[in-house]
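Remarks on the overall topology
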Amino acid sequence: MFDKSQLMRGTLEGCILKIICLEVTYGYEIMVKLKDYGFHEISEGTIYPLLVRLEKKGFIHAEFRPSPLGPSRKYYFISNEGLETLKSFEAYWNNISEAVNKILSWEGK
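We now turn to the structure provided with this report. (Residues numbered from 1 in each chain as written. Predicted model: local features only at pLDDT ≥ 70, side-chain atom pairs only at ≥ 80, totals over all residues. Heavy atoms only, no water.)

**Details of the state of the cysteines**
- If you walk through the whole model with that rule in mind, you get zero disulfides.
- Between cysteine 15, a free cysteine, and cysteine 21, which holds the nearest cysteine sulfur, the sulfur-to-sulfur gap is 13 Å.
- Relative accessible area serves as the criterion here: at 22%, cysteine 15 is assigned to the partly exposed category. (Disulfide = S-S within 2.5 Å. Buried < 20%, exposed > 50% of the residue type's maximum accessible area, 1.4 Å probe, protein only.)

Structure (structure tokens):
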């Protein structure tokens, strides 16, 4: 059986960087956006370890901000290194997805 977890982890890191690049946001909101775009199997148990890893790598930074609905939330924003990583991810993703789509649509002879 195909191991989805490795493919998913790298893909999600790039997608999370893109979401954070577009706006400062918090973990639950990131999860909701990913689900809205088709990552239906995503849970908080998936998102938060990825956010910790991205923060440790220096790709994102976080700060606690007051929440209108209760305790403070940890908001994430992208670093310059994160922006560079996102650009690299986007370029690689475009190349690899084009190649994979060509192969998967190939009917053979």
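**With respect to the pairing of strand β3 (residues 70-78)**
- With two bridges joining them, strand β1 (residues 25-26) and β3 adopt antiparallel strand pairing. The residue bridging threonine 25 from the neighbouring strand is tyrosine 76, located in β3.
- Bridge analysis of strand β2 (residues 60-67) against β3 gives seven bridges, and the strand direction is antiparallel. Each residue of the ladder has a partner; that of phenylalanine 64, found in β3, is lysine 74.
- Once β2 ends, the chain turns through two residues before running back antiparallel as β3. (Pairing = 2+ DSSP bridges. Helix = DSSP H or I, 4+ residues; strand = E, 2+ residues; numbered from the N terminus.)

**Considerations on the packing of helix α1 (residues 4-22) against helix α2 (residues 27-36)**
- Running from N to C, α1 and α2 point in directions that differ by 115°, and their axes come no closer than 11 Å. When the interaxial angle is binned, α1 and α2 end up roughly perpendicular. The chirality of how α1 crosses α2 is right-handed. Packed against α1, whose contacting residues are Leu12, Cys15, Ile16, Ile19 and Ile20, the element α2 presents Ile30, Lys33 and Leu34 at the interface.
- Residue classes in the contact of α1 with α2 are distributed as seven nonpolar, no polar and one charged. (Axes fitted to C-alpha atoms, helices over the stretch in contact; angles between N-to-C directions. Parallel < 35°, antiparallel > 145°, perpendicular 65-115°, else oblique. Left-handed = near helix turned anticlockwise from the far one by under 90°. Contact = heavy atoms within 4.5 Å. Nonpolar A, V, L, I, M, F, W, Y, C, P; charged D, E, K, R; others polar.)

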